[in-house]
Amino acid sequence: MSLPPLQIGSLTASIPIIQGGMGVGISLSSLAGAVAKEGGIGVISAAQPGFLEPDFAVNPLAANLRALTKHIRRAKEISNGGIIGVNIMCALSHYEDYVRCCIENGADLIISGAGLPSELPKYTSGSSILIAPIVSPPRTAKVLLRLWDLHYQRVPDLVVIEGPKAGGHLGYSPESVAAYADTGYDMEILEILQIVKTYEKKYSRSIPVVFAGGVFDRKDIDHYLSLGCAGVQMATRFVVTEECDADPRYKQAYLDASREDITLIHSPVGMPGRAIRNPFLKERETEREKITHCYQCLKKCDKTSIPYCITTALTRAAQGDVDHALLFCGENAWRLNQMTTVHDLMQELSTDI
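Treat the numbers as computed from the prediction; the structure is a model and nothing was measured. (Residues numbered from 1 in each chain as written. Predicted model: local features only at pLDDT ≥ 70, side-chain atom pairs only at ≥ 80, totals over all residues. Heavy atoms only, no water.)

1. A short note on the overall build of the protein
Part 1 of the reasoning: Secondary structure assignment for the protein yields 13 helices and 13 strands.
Part 2 of the reasoning: What you see for the protein is a C-alpha radius of gyration of 19 Å, in line with the 20 Å of a compact globule of 353 residues.
Part 3 of the reasoning: Counting only C-alpha atoms, the protein reaches 55 × 45 × 40 Å along its principal axes.
Part 4 of the reasoning: A burial count over the protein gives 57% of its 353 residues as buried.
Part 5 of the reasoning: Within the protein, counting contacts between residues at least 6 apart in sequence, those at least 24 apart form 67% of the total. (Helix = DSSP H or I, 4+ residues; strand = E, 2+ residues; numbered from the N terminus. Rg over C-alpha atoms; globule rule 2.2 N^0.38 Å. Buried < 20%, exposed > 50% of the residue type's maximum accessible area, 1.4 Å probe, protein only. Contact = heavy atoms within 4.5 Å.)

2. Re the layout of surface pockets
Part 1 of the reasoning: Taken as a whole, the second largest pocket encloses approximately 530 Å³ of empty space.
Part 2 of the reasoning: Lining of the second largest pocket is provided by 25 residues; of these, Lys165, Ala181, Gly214, Glu331 and Asn332 occupy positions nearest its centre.
Part 3 of the reasoning: Contributions of two or more residues to the lining of the second largest pocket are made by helix 6 (174-183), helix 8 (218-227) and strand 12 (262-266).
Part 4 of the reasoning: Of the residues that constitute the lining of the second largest pocket, the class distribution is 10 nonpolar, 7 polar and 8 charged. (1 Å grid on protein atoms, 1.4 Å probe; cavity = no way out; pocket = protein on both sides within 12 Å on 5 of 7 lines; lining within 4 Å. Points joined across faces, edges and corners; volume = space filled by probe spheres on them. Nonpolar A, V, L, I, M, F, W, Y, C, P; charged D, E, K, R; others polar.)

3. Overview of the nonpolar core
Part 1 of the reasoning: If you look at the biggest cluster of nonpolar residues, it comprises 106 residues, and the most contacted ones within it are Ile88 and Leu326.
Part 2 of the reasoning: Here the element with the most residues in this core is helix 7 (residues 186-203); it accounts for 6 residues.
Part 3 of the reasoning: When sequence neighbours within four positions are dropped, the list of residues in contact with Ile88 reads Ala46, Tyr95, Tyr98, Val99, Cys102, Ile110, Ile111, Ser112 and Gly113.
Part 4 of the reasoning: By size, the runner-up hydrophobic cluster in this structure holds 16 residues, among which are Leu6, Ile41, Ala132 and Leu158. (Core = buried A, V, L, I, M, F, W, Y, C linked by side-chain atoms within 4.5 Å.)

4. Points about the packing of aromatic side chains
Part 1 of the reasoning: Under the criterion given, the structure shown has 5 aromatic pairs.
Part 2 of the reasoning: Ring centres 6.3 Å apart and planes at 35° place the aromatic pair Tyr185 and Phe211 in the tilted group. Highlighted residues: Tyr185 in the loop between helix 6 and helix 7 and Phe211 in strand 10 (residues 209-212), separated in sequence by 26 residues.
Part 3 of the reasoning: Of the residues examined, Tyr185 reaches a relative accessible area of 6% and is grouped as buried.
Part 4 of the reasoning: Consider the rings of Phe280 and Tyr308, whose centres lie 5.0 Å apart with planes at 75°: the pair is edge-to-face. Of this pair, Phe280 sits in helix 11 (residues 279-284) while Tyr308 sits in the loop between helix 11 and helix 12 (310-318), and the two are 28 residues apart along the sequence.
Part 5 of the reasoning: For Phe280, a relative accessible area of 1% translates into the label buried.
Part 6 of the reasoning: On the accessibility criterion, Tyr308 (3% relative accessible area) is buried. (Phe/Tyr/Trp six-rings, centres within 6.5 Å; stacked < 30°, edge-to-face > 60°.)

5. With respect to the pairing of strand 11 (residues 231-234)
Moving residue by residue along a regular strand, the side chains alternate between the two faces of the sheet.
Part 1 of the reasoning: Where burial is concerned, the two faces of strand 11 agree: the one with Gly231 and Gln233 and the one with Val232 and Met234 are both buried.
Part 2 of the reasoning: The pairing of strand 3 (residues 17-19) with strand 11 spans 3 bridges and is parallel. For Ile18, the partnering residue across the bridge sits in strand 11 and is Gln233.
Part 3 of the reasoning: Sheet analysis places strand 10 next to strand 11, joined by 3 bridges and oriented parallel. Residue pairing in the sheet places Ala212 in a bridge with Gln233 of strand 11. (Pairing = 2+ DSSP bridges.)

6. Some details on the packing of helix 1 (residues 29-37) against helix 2 (residues 60-79)
Part 1 of the reasoning: Contact geometry for helix 1 and helix 2: axes closest at 7 Å, N-to-C directions at 35°. Where helix 1 crosses over helix 2, the handedness of that crossing is right-handed. Of helix 2, the residues touching helix 1 (which contributes Ser29, Ser30, Ala32, Gly33, Ala34, Ala36 and Lys37) are His71, Arg74, Ala75, Ile78 and Ser79.
Part 2 of the reasoning: In the contact of helix 1 with helix 2, the residues fall into 5 nonpolar, 5 polar and 2 charged. (Axes fitted to C-alpha atoms, helices over the stretch in contact; angles between N-to-C directions. Left-handed = near helix turned anticlockwise from the far one by under 90°.)

7. Describing helix 12
Part 1 of the reasoning: By the criterion of burial, helix 12 is predominantly enclosed, with 8 of the 9 residues buried.
Part 2 of the reasoning: For helix 12, the set of buried residues is Ile310, Thr311, Thr312, Ala313, Leu314, Thr315, Ala317 and Ala318.
Part 3 of the reasoning: Where helix 12 terminates, the next one or two residues include Gly320, which has phi positive at roughly 95°.

Encoded structure:
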């Protein structure tokens, strides 16, 4: 069957694929712009986008807002009118400033997770930007949609369900991840879809739902569409494209990873995460890395107790120092075996089978 377009409010993506936000510096304007140009939705990560700015160490907020402005505008130019979103973690310091930057510079969509984006409607009130929370277990969807309804008389323009096979930070305990490996996640998806339908009826409007987490090929996409999802969000597969903003050595680390290399970690953010087990992570099992500088990236971060600075670890990754870095990835990263382009990948995923 042909893939249906993804309709979010007044915006239409001809291919129902959202490229997931990946930070630090993995999904910026080159990748997001290329995906949007091909008919999907390209997403820039707001996690420390200014890491290459000359004043990043001394004034990270100014550097980040300047870089985010540049990347949103550049992605819009590359996309030739395509849809550009920004992923903003709730755990970030200065969350509202990043939201405002997206609005002022013409981003089409904000996707927000790594916490509960409970006040996102307040920060976007009066603007035309679309907003999409990331929800994980069904209870998260139930709590958040009820909260937005009660406090803002507002529903999401889009809901992103992030399953337990996703990369980066996860909204699940390690025990839950292990349990879902045996049972699958389809029942939870169906439950969330029913929760969303309740609010669709109440507000007499469509709220598309997309699934993220371990989506690898067209077979996966068709499966989630068959459950009632309007599309999917994919991240890991876009890493090994020529347009991905990461250093080539980061991309090669994905290609070199075996199934046994993919592991769960406890991130300094305070959440479980999925990453490639490399010398850096092995060293952190027995030795805390000395933190010499704080980039003020997280609302809650105690640099005296965390095992390493996540900004430092992720910027090393983006710059290719892969043995001394945190390499976030999805569960299926080990299945990647060759470089490609965004055009060829989107063609592969959208071609009827």
